Amino acid sequence: MYEHDVIVVGAGGAGLRAAIAAQEEGADVAIVSKLHPVRSHTGAAEGGINAALREGDSWEDHAYDTMKGSDYLGDAPAIETLCKDSPKEVIQLEHWGMAFSREEDGRVSQRPFGGLSFPRTTYAGAETGHQLLHTMYEQLVKRGITVYDEWYVSDLAVTDEERPEDRTCHGVVAYDIQSGELSGFRATEGVILATGGLGQVFDHTTNAVANTGDGVAMAYRAGVPIEDMEFIQFHPTSLPSTGVLISEGVRGEGGILYNAEGERFMFEYGYASNDGELASRDVVARAELSEVNEGRGIDDEYVHLDMRHLGEERIIDRLENILHLAKDFEGVDGLEEPMPVKPGQHYAMGGIETDENGETCVGGLYAAGECACASVHGSNRLGGNALPELIVFGKRAGAHAAGKDLGTAEIETGQRGEYEVGEVDTPVQPGEVEPAGGESDAVADGGVAAETGSGDGHDIVERAVTRERERVQSLMEKDEGVQHAEIRSDVQESMTRYVNVFREEEGLKRALEDIAEARERYRDVFVKDPSRTFNTDLIQTLETRNILDLAEAITLGALARDEFRGAHWRAEHQERRDDEWLKHTMLSWNDGSPELWYRPVILEGEDKEYEPKIRSY
Amino acid sequence: MSTQVPETETETETEAETEVEHDEPLAPAQEERMRKKAEARADREERARREAAERAEGDDDTYHLKVFRFDPEVEGKQEPRFDDFHVPYEKGMTVLDALIYARDTFDSSLTFRHSCRQAICGSDALFVNGRQRLGCKTQLSDLDQPVRVEPLPHAEVEKDLVVDMDHFYDQMEAVEPYFDADELPDGELEEQRQTRENREKVKMSTRCIWCGACMSSCNIAAGTNEYLGPAAINKAYRFAMDEREGEDRKQHRLNILEQENGVWRCQTQFSCTEVCPKDIPLTEHIQELKREAVKSNLKFW
């Protein structure tokens with residue numbers, strides 16, 4: 001067993017920042033990641049990082065834009081924390097040498113982005129995430145922070161008191177991908193989940209193959225509520241063949257969208273007459289699909305994004321990476337032709353419920369970055385707000401776990417204070433196939449809480465290891481059954497078909513049925529590769545379980561929310577209903593049967609209350 | 001082990017599925033559903049096998065891959081060999097797409113690293129038709145058949161296409177790869193000004209994705225394990241040429257680089273530059289650092 005004060009799971013932007021912060025507070029910290037840190041998906045972020053740095057801009061304006069962009073489903077204390085902390089954090093990166101694009105006077109460049117009232121998106125060409133990830137990894141090397149790379153964290157060691165709020169996380173169980181060794185990692189101060197996105201729940205996504213939502217699913221099964229899962233952002237400009245992202249920076253710099261008739265549809269058809277291509281992502285994604293659905297798409301699938309008029313010099317200076325992506329993955333020269341684009345799953349607004357210090361309701365368990373929901377993005381994330389989220393909340397979680405006093409959080413977590421029990425009419429019984437407490441085999445069983453009783457954190461982690469070893473063994477010992485790839489692709493297809501940009505009740509119910517069926521088949525899943533060395537068959541089989549639980553959570557939330565807010569569009573409900581729905585969707589696993597409940601949105605900021613306004617364009 | 005191994009051909013086969021067995025009795029409807037699924041699966045696999053064989057007859061819509069296989073753990077895979085896969089081709093398909101198809105359809109034990117599939121995570125550098133390339137950004141249509149896919153040469157093979165990257169990472173970290181300015185501006189919100197020209201100068205060097213293609217292609221790096229290699233030297237270039245670091249720091253960096261295993265080992269063969277998937281002018285960067293090293297040392301002669 002390994003032991004450290006703080007264990008960070010995941011080595012993208014949030015994980016690296018958390019580790020650095022924890023170490024600065026004097027903690028012995030280690031990162032456990034299924035990839036080497038420089039392989040993390042943060043590296044694929046393109047557009048930029050929002051921070052109010054300039055005269056004429058203010059954190060208050062940034063907060064206002066973010067709240068408005070969220071369609072009033074963000075919590076003010078989290079949003080204000082994000083906007084107040086991000087200038088300092090962005091300049092911190094600059095001080096660490098990050099290669100930002102520069103103005104003539106040598107200061108960092110900023111550009112316009114969708115939904116922002118000021119051009120406050122700081123960037124490094126169209127490769128901001130790559131520069132950020134590498135800059136932070138350099139700092140990690142400088143500090144000599146321990147990294148267990150290519151170790152797959154598959155379980156949390158959490159005690160099993162009845163109420164999640166009484167439980168404690170003592171560490172994690174991880175599988176060394178290279179050797180097949182399963183080991184416990186005890187954290188004496190805290191575990192921070194920074195496992196990133198869950199795009200692999202869908203089959204057309206801008207996310208990496210590694211983005212299977214492991215952290216969210218593990219926390220969920222350990223009893224931590226997950227929040228606002230139905231809000232999935234579909235980025236309007238991904239390449240049709242692969243889902244590779246074409247940055248919003250293209251539209252920020254003046255790129256134009258055209259339909260098959262050569263019409264600039266954002267204006268022509270009045271989707272967003274004031275903002276055009278720079279309307280919020282949800283608006284543009286719906287506009288594009290409407291064009292395709294009404295027969296004005298190209299090849300019945302996509303639209304064109306044109307940046308030729310920007311001129312070669314400007315394109316090379318600010319969007320060079322986009323030229324490479326269009327060329328390599330679609331065979332299109334962006335200087336000569338418009339690029340094909342369509343909406344693709346891009347970001348999960350929801351995730352593990354945390355407060356503004358990154359704490360969950362389970363003692364010693366933190367989350368930060370895309371896997372967490374504080375919540376700053378509400379029902380629609382503004383472009384350029386993901387990277388500041390990583391560093392701001394990564395840092396806070398790291399520092400807090402290492403013992404720094406960040407003051408009392410204003411956001412409550414867990415089933416405390418004011419909340420309301422929810423109900424939803426589902427066609428199937430969601431959750432585990434086997435009833436809780438029943439004869440569930442190690443494969444199908446999702447509960448992670450280790451037994452309590454006498455013993456310290458060390459014993460709790462040991463027990464979690466034993467349990468996980470049994471699960472892995474049973475998967476490996478089976479020599480026939482269903483393979484994960486089949487289950488995974490069926491769920492991905494169903495989600496893309498029914499729980500996409502446009503959603504209707506019948507489709508959502510179909511998706512739940514498909515997921516339930518996939519759960520049935522997962523009972524028979526087996527790992528064909530008998531090897532202990534680099535067994536990706538096993539890892540993907542474990543990941544597929546996470547995809548199942550998250551697909552169900554997303555769909556349940558979407559079915560229950562009968563209104564239209566931000567990225568969540570419902571055919572039968574075309575109005576935002578503030579009287580009933582200014583609240584967060586919460587889902588608790590409860591030993592295998594998902595329980596739905598709601599918590600009111602906090603619109604009360606430090607100095608003002610954010611007043612919901614009608615979205616008009 | 002080296003990847004230069006005698007080739008032994010074996011045909012891969014997908015195993016026929018047998019009826020799935022259940023420990024617990026299932027509801028009749030469910031039983032029926034499972035039975036149908038198992039039949040469908042058996043049908044599908046049978047069809048896939050038949051189609052693969054038919055396409056192997058020279059159908060244009062299929063690509064023939066010869067993929068290196070090796071696993072020290074598994075009997076039958078301990079002797080390195082090449083497996084043949086016939087993958088149905090779709091426009092735009094990359095080498096990585098073909099490998100994923102082969103793994104998910106024919107053999108789930110086929111092992112390779114990959115994640116972002118957009119040429120930024122750097123994990124799928126492979127030796128394809130005799131050249132280091134990123135699987136995700138290499139179009140099948142640009143390659144002659146059969147497409148030969150091997151792990152990066154000059155690295156220990158762990159399994160199939162996965163090589164040990166530890167040596168590569170060690171070299172990267174040996175050059176003290178982190179920014180170290182002499183002094184920071186007063187005030188936590190003040191930037192260190194950098195001219196556009198200077199940013200432009202280091203820009204290409206900052207694009208490295210640590211894929212290891214350059215190291216693998218370099219004869220010198222292959223000959224001795226001590227040579228820092230193109231990627232690490234490029235990383236040092238990124239900082240040595242950054243005007244925000246001071247003179248003393250630059251001198252310290254040059255001291256690291258001009259040691260026996262630094263820049264002077266480069267024989268200007270340009271193989272690193274040729275294979276770099278991010279078009280970084282690696283050889284030029286190395287030469288520029290040689291020049292800097294000479295210039296700085298001349299002061300003391």
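Computed from a prediction, not measured in an experiment: that's the story for all the values here. (Residues numbered from 1 in each chain as written. Chains lettered and ligands numbered in written order. Predicted model: local features only at pLDDT ≥ 70, side-chain atom pairs only at ≥ 80, totals over all residues. Heavy atoms only, no water.)

## Considering the overall build of chain A
Item 1. For chain A, the helix and strand inventory stands at 15 helices and 22 strands.
Item 2. Dimensions of chain A, computed from C-alpha atoms along their principal axes, come out at roughly 65 × 50 × 50 Å.
Item 3. In chain A, which comprises 617 residues, the share counted as buried stands at 69%.
Item 4. A separation of at least 24 residues holds for 74% of the contacts in chain A among residues at least 6 apart in sequence.
Item 5. About 18700 Å² of surface is accessible on chain A, with carbon and sulfur atoms providing 41% of the total.
Item 6. Of note, chain A has its 58 positive side-chain charges centred 2 Å away from the centre of its 119 negative side-chain charges. (Helix = DSSP H or I, 4+ residues; strand = E, 2+ residues; numbered from the N terminus. Buried < 20%, exposed > 50% of the residue type's maximum accessible area, 1.4 Å probe, protein only. Contact = heavy atoms within 4.5 Å. Areas by Shrake-Rupley, 256 points an atom, 1.4 Å probe, with all protein chains shown as cover. Lys, Arg positive; Asp, Glu negative; His and termini not counted. Charge placed at Lys NZ, Arg CZ, Asp CG, Glu CD.)

## Observations concerning the overall build of chain B
Item 1. Across its full length, chain B holds 10 helices and eight strands.
Item 2. With 301 residues in all, chain B has 56% of them scored as buried.
Item 3. Taking the contacts inside chain B whose residues are at least 6 apart along the sequence as the reference set, 68% of them involve residues at least 24 apart.

## Notes on the packing of helix α5 (residues 214-221) of chain A against helix α14 (residues 536-560) of chain A
Residues and elements named next belong to chain A.
Item 1. Direction vectors running N to C along α5 and α14 enclose 70°, while the axes themselves pass 9 Å from each other. Here α5 lies roughly perpendicular to α14, going by the angle between them. Two secondary-structure elements touch here, α5 through D214, V216, A217, Y220 and R221 and α14 through E543, R545, N546, D549 and L550.
Item 2. Here the residues of the contact of α5 with α14 are counted per class, giving four nonpolar, one polar and five charged. (Axes fitted to C-alpha atoms, helices over the stretch in contact; angles between N-to-C directions. Parallel < 35°, antiparallel > 145°, perpendicular 65-115°, else oblique. Nonpolar A, V, L, I, M, F, W, Y, C, P; charged D, E, K, R; others polar.)

## Examining the UniProt feature "active site" (unreviewed entry) in chain A
All names here are of chain A.
Item 1. The UniProt record annotates "active site" (unreviewed entry) at R281.
Item 2. Turning to its location among the elements, R281 is positioned in helix α8 (residues 281-296).
Item 3. In this structure R281 touches F113, Q233, F234, H235, P236, E248, H346, N380, R381, G383 and G384, once residues within four positions along its chain are discounted.
Item 4. Side-chain polar atoms of R281 contact the side chain of Q233, separated by 3.2 Å. (UniProt positions renumbered as here; feature names shortened; annotations may be inferred. Polar contact = N/O pair within 3.5 Å; in protein donor to acceptor, adjacent residues only side chain to side chain.)

## What to know about the packing of aromatic side chains
Residue and element names in this part refer to chain A.
Item 1. On inspection of all chains with the given rule, the structure shows 20 aromatic pairs over all chains.
Item 2. On the basis of an interplanar angle of 85° and a centroid distance of 5.7 Å, the ring pair of Y2 and W151 is categorised as edge-to-face. Note that Y2 is positioned in strand β1 (residues 2-9) and W151 in strand β7 (residues 151-158), a separation of 149 residues in sequence.
Item 3. A relative accessible area of 6% means that W151 is categorised as buried. (Phe/Tyr/Trp six-rings, centres within 6.5 Å; stacked < 30°, edge-to-face > 60°.)

## Here we look at the sheet that holds strand β11 (residues 232-238) of chain A
In a beta sheet, neighbouring strands pair by backbone hydrogen bonds and run either parallel or antiparallel.
Residue and element names in this part refer to chain A.
Item 1. Taken in spatial order, the four strands of this open sheet run β11-β14-β13-β12, and their pairing is antiparallel. Here the strands that pair on one side only, and so sit at the sheet edges, are β11 and β12 (256-258). Strand after strand, the sheet turns through a mean of 45° between neighbouring axes, direction not considered.
Item 2. Inspection of the sheet shows β12 paired to strand β13 (residues 303-306) by three bridges, in the antiparallel sense. From the neighbouring strand, Y258 faces β13, where its bridge partner is H304.
Item 3. Helix-sheet contacts for α8 involve β11, β12, β13 and β14 (339-348), and the interaxial angle to β11 is about 60°. (Pairing = 2+ DSSP bridges.)

## A short note on helix α1 (residues 13-24) of chain A
Residue and element names in this part refer to chain A.
Item 1. The end-to-end C-alpha distance of α1 is 17 Å, a good match for the 16 Å that 12 residues give at a rise of 1.5 Å each.
Item 2. Of all 12 residues making up α1, 10 are buried, and the element is well covered by its neighbours.
Item 3. Looking at α1, one finds that the buried residues are G13, A14, G15, L16, R17, A18, A19, I20, A21 and A22.
Item 4. Lining the buried residues of α1 we find β1, β2 (29-33), α3 (76-95), α4 (128-143), β9 (182-193) and α10 (386-401). (Expected span 1.5 Å × (residues − 1).)

## Points about the nonpolar core
Item 1. In terms of nonpolar packing, the biggest core is built from 164 residues, with L65 and L99 of chain B touching the most fellow members.
Item 2. The contact partners of L65 of chain B, leaving out residues within four places of it in the chain, are D83, D84, F85, A98, L99, L140, V147 and V149 of chain B.
Item 3. Formed by 86 residues, the second largest nonpolar core is a distinct cluster that contains I7, M229, W581 and L596 of chain A. (Core = buried A, V, L, I, M, F, W, Y, C linked by side-chain atoms within 4.5 Å.)

## Details of the sheet that holds strand β18 (residues 420-421) of chain A
Residues and elements named next belong to chain A.
Item 1. Strand order in the open sheet formed by six strands is β17-β15-β10-β21-β22-β18, with mixed pairing between adjacent strands. Across the chains shown, the open sheet's two edge strands, defined by having one partner strand only, are β17 (372-373) and β18.
Item 2. Alignment of strand β10 (residues 226-227) against strand β21 (residues 583-588), held across two bridges, turns out to be antiparallel. Directly across from E227, in β21, lies its bridge partner M586.
Item 3. Packed onto the sheet, α5 meets β10, β15 (351-353) and β21 and runs at close to 40° relative to β15.

## Digging into unusual backbone geometry
A negative phi angle is the norm for most residues apart from glycine, just as the trans form is the norm for most peptide bonds.
Item 1. The omega torsion across A374 of chain A and S375 of chain A is 5°, close enough to zero to call that bond cis.
Item 2. Looking at the secondary structure, you find S375 of chain A in the loop between β17 and α10.
Item 3. Residue P146 of chain B is bonded to the preceding Q145 of chain B through a cis peptide linkage, with omega at -5°.
Item 4. Within the fold, P146 of chain B resides in the loop between β5 (131-134) and β6 (147-150).
Item 5. Positive phi, close to 50°, is recorded for D228 of chain A, a residue that is not glycine.
Item 6. In this structure, T268 of chain B takes a positive phi of about 55° despite not being glycine.

## Focus: the packing of helix α3 (residues 166-174) of chain B against helix α7 (residues 229-240) of chain B
All names here are of chain B.
Item 1. Viewed as axis vectors pointing N to C, α3 and α7 meet at an angle of 25°, and their least axial separation amounts to 8 Å. In terms of orientation, α3 and α7 fall into the roughly parallel class. Considering how the two elements wind past one another, α3 and α7 form a crossing that is right-handed. Listed contacts from α7 to F168, Q171 and M172 of α3 are A231, A232 and K235.
Item 2. Classifying every residue of the contact of α3 with α7 gives four nonpolar, one polar and one charged. (Left-handed = near helix turned anticlockwise from the far one by under 90°.)

## Quick word on the pattern of salt bridges
Pairing between side chains becomes possible if they bear opposite charge and their charged atoms approach one another.
Residue and element names in this part refer to chain A.
Item 1. Tallied over the entire structure, the rule returns 82 salt bridges over all chains.
Item 2. For K34, the salt bridge goes to D214, with nearest N and O atoms at 2.8 Å. A residue pair is termed long-range when its members are at least 10 positions apart, and K34 in the loop between β2 and β3 (49-50) and D214 in helix α5 qualify at 180 residues.
Item 3. Since its relative accessible area comes to 17%, K34 is described here as buried.
Item 4. With its nearest N and O atoms 3.7 Å apart, the salt bridge here joins D317 to R318.
Item 5. D317 gets classed as partly exposed once you look at its relative accessible area, which sits at 29%.
Item 6. Salt bridges linked by common partners bring D71, E230, D282, R286, R561, E563, R565, R576, D578 and R615 together as one network. (Salt bridge = Lys/Arg side-chain N within 4 Å of Asp/Glu carboxyl O.)

## Structural notes on the UniProt feature "domain: Succinate dehydogenase/fumarate reductase N-terminal" (unreviewed entry) in chain B
Item 1. Those residues carrying the UniProt feature "domain: Succinate dehydogenase/fumarate reductase N-terminal" (unreviewed entry) are residues 64-169 of chain B in this numbering.
Item 2. The span residues 64-169 of chain B is 14% helical and 29% strand by assignment, and the distance between its end C-alpha atoms comes to 34 Å.

## Let's talk about the environment of E227 of chain A
Item 1. Secondary-structure assignment places E227 of chain A in strand β10.
Item 2. Within polar-contact distance, the side chain of E227 of chain A engages the side chain of H584 of chain A at 3.3 Å.

## Considering the confidence of the model for chain A
Item 1. Mean pLDDT for chain A: 94, with 96% of residues reaching 70 or above.
Item 2. Confidence over residues 435-454 of chain A falls short of pLDDT 50; this stretch has 53 contacts with residues more than four positions distant or in other chains. (pLDDT = per-residue confidence, 0-100.)

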